[in-house]
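Survey of secondary and tertiary structure
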Amino acid sequence: MSHFRDQGYAVLPDIVSAQQVSNWRAAVADYVAQTPPPAGHAGPYFLWPHFDTPRHRLLGLYGNSGVGGVVQSFMHHEFLLDEPEFAQLALTIPPHPHRPGAPHIDGLTPTEDDGRPGTFTVLAGVVLTDQQQVDRGNLWVWPGTHLRTGRWLREHGADALRTAIPYPPVELGEPIQVTASAGSVVLVHYLLAHNIGGHFGTASDERRETVYFRLHTAGHRLRWREVVTSPLVEFASR
């Protein structure tokens, strides 16, 4: 817990069983088959299925895998997580020899329909392929930047987030690549600087697959200014 509070991310291994990973991957394969990438595509490829029914396949997998309960354990007891509204299927197809030059914050372009920045509490990624080596489509993070960004927003006001694109002008430090085995869950604080990395494998290597959920605690949208200026307010202190 302290690692997440200080660093802004955590890797939780062995949350999703091998059989559940197979079920998740089968669902991802079906969605990709319905909307495949262009022939010969290499690099990132995203799909964004929205949960327009409580019986949505991915929402069922989220519930059956216990991911929500694991993430809830990181929350302050006063803040219960809402069900996710959509998922991001994040693939990286090799070869894609790329290193990100700068990080970003999600939800700033585009904003939500009412103009509010698309803030949320925490990003939860279900890792479906082995990412224990670097340069396999791994997520890049800049540890501690959630706290430095929170201080910057306290100084400049929460609404400064609207124009702090792609990321506020804070000291970034050195990035790291998040490594994780299949079945892990990766948690990332909303304000943490992050980006997608390259996949330096060959065309015959396995693509990277992660399913992300942007999770809100109940009432988050009404208190977003407090949340971004006090970035640990929604999280447990232990």
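Residues numbered from 1 in each chain as written. Predicted model: local features only at pLDDT ≥ 70, side-chain atom pairs only at ≥ 80, totals over all residues. Heavy atoms only, no water.

As a further point, take the overall build of the protein chain. Of the regular secondary structure elements, the protein chain holds six helices and nine strands. For the protein chain, the C-alpha radius of gyration of 17 Å lies close to 18 Å, the compact-globule estimate for 238 residues. Overall, the C-alpha framework of the protein chain stretches about 50 × 40 × 35 Å when taken along its three principal axes. Burial analysis of the protein chain (238 residues in total) assigns 53% to the buried set. Considering only contacts in the protein chain between residues 6 or more positions apart, those separated by 24 or more positions represent 88%. Counting 18 positive and 23 negative side-chain charges, the protein chain places the centres of these two groups 1 Å from one another. (Helix = DSSP H or I, 4+ residues; strand = E, 2+ residues; numbered from the N terminus. Rg over C-alpha atoms; globule rule 2.2 N^0.38 Å. Buried < 20%, exposed > 50% of the residue type's maximum accessible area, 1.4 Å probe, protein only. Contact = heavy atoms within 4.5 Å. Lys, Arg positive; Asp, Glu negative; His and termini not counted. Charge placed at Lys NZ, Arg CZ, Asp CG, Glu CD.)

This part covers the sheet that holds strand 8 (residues 193-196). Adjacent strands of a sheet form backbone hydrogen bonds with each other and so pair up, either parallel or antiparallel. Read across the sheet, three strands follow the order 6-5-8 without closing on themselves; strand pairing throughout is antiparallel. Both outer strands of the open sheet, strand 6 (176-177) and strand 8, are each paired with one neighbouring strand and no more. Relative to strand 8, strand 5 (residues 139-142) runs antiparallel, the two sharing four bridges. Directly across from V141, in strand 8, lies its bridge partner H194. (Pairing = 2+ DSSP bridges.)

Between its terminal C-alpha atoms helix 5 (residues 145-156) stretches 16 Å, which fits the 16 Å expected from 12 residues at 1.5 Å a residue. Within the sequence span of helix 5, burial applies to T145, H146, T149, G150, W152 and L153. Buried residues along helix 5 cover an arc of 165° about the axis, so they all sit on one side. Buried positions along helix 5 lie against helix 1 (2-7), strand 5, strand 7 (185-189), strand 8 and helix 6 (224-229). (Expected span 1.5 Å × (residues − 1). Arc of directions from axis to C-beta.)

Mapped onto the fold, H220 is located in the loop between strand 9 (208-215) and helix 6. One polar contact links H220 to T121, side chain to side chain, over a distance of 3.4 Å. A distance of 3.2 Å separates the side chain of H220 from the side chain of E234, its partner in a polar contact. Once residues within four sequence positions are removed from consideration, H220 is found in contact with T119, F120, T121, V227 and E234. (Polar contact = N/O pair within 3.5 Å; in protein donor to acceptor, adjacent residues only side chain to side chain.)

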